[in-house]
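One letter stands for each residue in the lines below.
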Amino acid sequence: MENLIFSLNATIPIFLMMLLGMLFRKLGWMDEVFAAKMNKFVFLVPLPVLLFEQLATVDFSEVWDIKFILFCFVVTAISITISTLISLLWKDRSIKGEFIQTTYRSSAALLGIAFIQNIYGTAGMAPLMIIGSVPLYNIMAVVVLSVFKPGNNSFDKALVKKTLKGIATNPIIIGIVAGFVWSALKLPMPTILHKVVSNVGATATPMGLMSMGATFEMKKATSKMKPTLVAVFMKLVGFCAIFLPMAALLGFRNEEMIAILVMLGSATTVSCFVMARNMGHEGTLSSGVIMMTTLLSAFTLTMWLDVLRSFGLV
């Protein structure tokens, strides 16, 4: 029950932020144009700054564990491959990019540290899980959203060049690279700069959630219910069922296992919607998956935590 209450405390506020966006739209305080501009701003500034902060402020040399990092990286890569293969089921090519990224991308960075701290009192392996999965999450999201962008039905040299340029100049990629470079060079983060970066990054999630809520249309969402339900199942149950036993066989325990659980089975991150809308996609499938995984993840995470405890893994 304690784990369920913690999980609900982590996920229900996120869902309520989406509902606030819907309410503001109903009241006329946020129209679609305003929500679209806010969403674009999140994509250009707070989201890249948030990723930069998460990577730049971690001294990876202190907690370096190459086996754990490689496991997170390989599992993420396999998850992306599985998501891509499942997307072949959908005839509508325009939803493939959204389906792939919402199926594999978790709220790993935002939820991971808080979840592990709640259980063990320390961030533990969360920073290593972040370096092993989050950069690949975001880089591959840019790739799949570029490749499956509506209207890109065939590839020619000009389109390949445009796609590669779009990936290289994507604000998310720039934020990740800048964070890695800052951390690798061990550059200091003065208190004033850190507070500014932290405050700007902190606006990414609430602004993204409200803009998503303001643009959410139930009729469109229900028309994509089948791929939405498949994505939700894989996100909360499927990948955990496949990879948690592998993690146990490889000897991962306690903080490592909790970090892997969060990486695999936490709710789909709101940045999926932000990126999808800003890279030419409708965003309806993304918003539906984010809403459902956010609502259900408190219960599924608690279930998986109980399973891990019953086997003495945490």
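Below, the structure is looked at part by part. Numbers given to residues run from 1 along each chain, matching the order in which its sequence is written. Only residues with pLDDT of 70 or above have their local features reported here, since the model is predicted, and side-chain atom pairs are shown and tallied only from 80 upward, although totals for entire chains, interfaces and linings are computed over all residues. Only heavy atoms go into the side-chain values, all of them from the structure, while hydrogens and water stay out.

**Observations concerning the overall build of the protein**
Quick note on the threshold: Helix and strand assignments come from DSSP, with helices taken as H or I runs of at least 4 residues and strands as E runs of at least 2, each series counted from the N terminus. The globule rule is 2.2 Å times the number of residues to the power 0.38, and the radius of gyration it is compared with is taken over C-alpha atoms. Working definition: with a 1.4 Å probe on protein chains only, accessible area under 20% of the residue-type maximum means buried, over 50% means exposed, and in between means partly exposed. Only heavy atoms enter the contact rule, under which two residues are in contact if any of them lie within 4.5 Å. Accessible surface area values rest on a Shrake-Rupley calculation with a 1.4 Å probe, where residue burial reflects the displayed protein chains alone. Under this rule, positive means Lys or Arg and negative means Asp or Glu; His and the chain ends count for nothing. A charge is said to be at NZ when it belongs to Lys, at CZ for Arg, at CG for Asp and at CD for Glu.
In terms of regular secondary structure, the protein is built from 16 helices and 0 strands. Radius of gyration (C-alpha) of the protein: 19 Å, near the 20 Å computed for a compact globule of 314 residues. Taking the principal axes of its C-alpha atoms as reference, the protein extends roughly 50 × 45 × 45 Å. Within the protein, buried positions represent 52% of all 314 residues. The long-range share in the protein, meaning contacts at least 24 apart out of those at least 6 apart in sequence, stands at 86%. Looking at the protein as shown, the accessible area adds up to about 14100 Å², and 70% of this sits on carbon and sulfur atoms. Charge centroids of the protein, computed over 24 positive and 15 negative side chains, lie 11 Å from each other.

**So, the packing of aromatic side chains**
The condition that has to hold: Aromatic rings from Phe, Tyr and Trp, with only the six-membered ring used for Trp, were paired whenever their centres fell within 6.5 Å, and each pair was classed as stacked if the ring planes differed by under 30 degrees, edge-to-face if by over 60, and tilted otherwise. Two limits define a charge over a ring: the Lys NZ or Arg CZ must be within 6 Å of the ring centre, and within 35 degrees of the ring normal.
Taken as a whole and judged by the stated rule, the model has 7 aromatic pairs. Where Tyr104 meets Tyr137, the ring centres are 5.9 Å apart and the plane angle is 45°; that geometry is what we call tilted. With Tyr104 in helix H5 (residues 96–104) and Tyr137 in helix H7 (residues 126–147), this pair connects stretches of sequence that are 33 residues apart. Accessibility classification places Tyr104 together with Tyr137 in one group, the buried group. The structure contains a cluster of three or more aromatic residues connected by ring pairs, namely Phe68, Phe71 and Phe252. Sitting over the face of the ring of Phe252, Lys67 holds its NZ or CZ atom 5.2 Å from the ring centroid.

**Here we look at the state of the cysteines**
Between two cysteines, a covalent bond joining their sulfur atoms is known as a disulfide. Worth spelling out the cut-off: By disulfide we mean two sulfur atoms from cysteines, separated by a distance within 2.5 Å.
Summed over all chains, the structure comprises 0 disulfides. A disulfide-free cysteine, Cys72 has its sulfur positioned 13 Å from the sulfur of Cys240, the nearest such atom. Between Cys272, a cysteine without a disulfide, and Cys240, which holds the nearest cysteine sulfur, the sulfur-to-sulfur distance is 16 Å.

**Considerations on the pattern of salt bridges**
Quick reminder of the rule: Take a side-chain nitrogen of Lys or Arg and a carboxyl oxygen of Asp or Glu: if they are within 4 Å of each other, that pair is a salt bridge.
This model, assessed by the stated rule, comprises 2 salt bridges. Among the salt bridges present, the one from Lys224 reaches Glu282, with a minimum N-O distance of 3.1 Å. Remark: Glu282 occurs in the loop between helix H15 (271–278) and helix H16 (284–310) and Lys224 occurs in the loop between helix H12 (218–223) and helix H13 (225–249); sequence separation between them is 58 residues. You can call Glu282 partly exposed: its relative accessible area is 36%.

**Some thoughts on the environment of Ser107**
With respect to the helices and strands, the residue Ser107 is situated in the loop between H5 and helix H6 (108–120). Relative accessible area serves as the criterion here: at 13%, Ser107 is assigned to the buried category. Put simply, Ser107 and Thr269 are 162 residues apart on the chain and 4.5 Å apart in space, counted from C-alpha to C-alpha.

**Here's the deal with a nonpolar patch on the surface**
To keep things clear, this is the line we draw: Here a patch means residues that are over 30% exposed by relative accessible area and free of salt bridges, tied together within 9 Å if like-charged and within 5 Å if nonpolar (Val, Leu, Ile, Met, Phe, Trp, Tyr).
A cluster of nonpolar side chains, namely Ile12, Leu16, Leu19, Leu295 and Leu296, defines an oily patch on the protein surface of about 370 Å² accessible area. Mapped by element, the contributors of at least two residues to the nonpolar patch are helix H1 (2–27) and H16. No other element matches the 3 residues that H1 contributes to the nonpolar patch. According to the relative accessible area criterion, Leu296 is partly exposed, its value standing at 39%.

**Examining the side chain of Thr294**
Under the convention used in this document: Polar contact is the term for a pair of N or O atoms within 3.5 Å; when the atoms are in protein, one must be able to donate a hydrogen and the other to accept it, and sequence-neighboring residues count only if both atoms are side-chain atoms.
Position of Thr294 relative to the elements: it lies in helix H16. Looking at Thr294, its side chain comes within polar contact range of the main-chain oxygen of Ile290, at 2.6 Å.

**Digging into the side chain of Asn39**
The topology assignment puts Asn39 in helix H2 (residues 32–44). Note on Asn39: relative accessible area 4%, which makes it buried.

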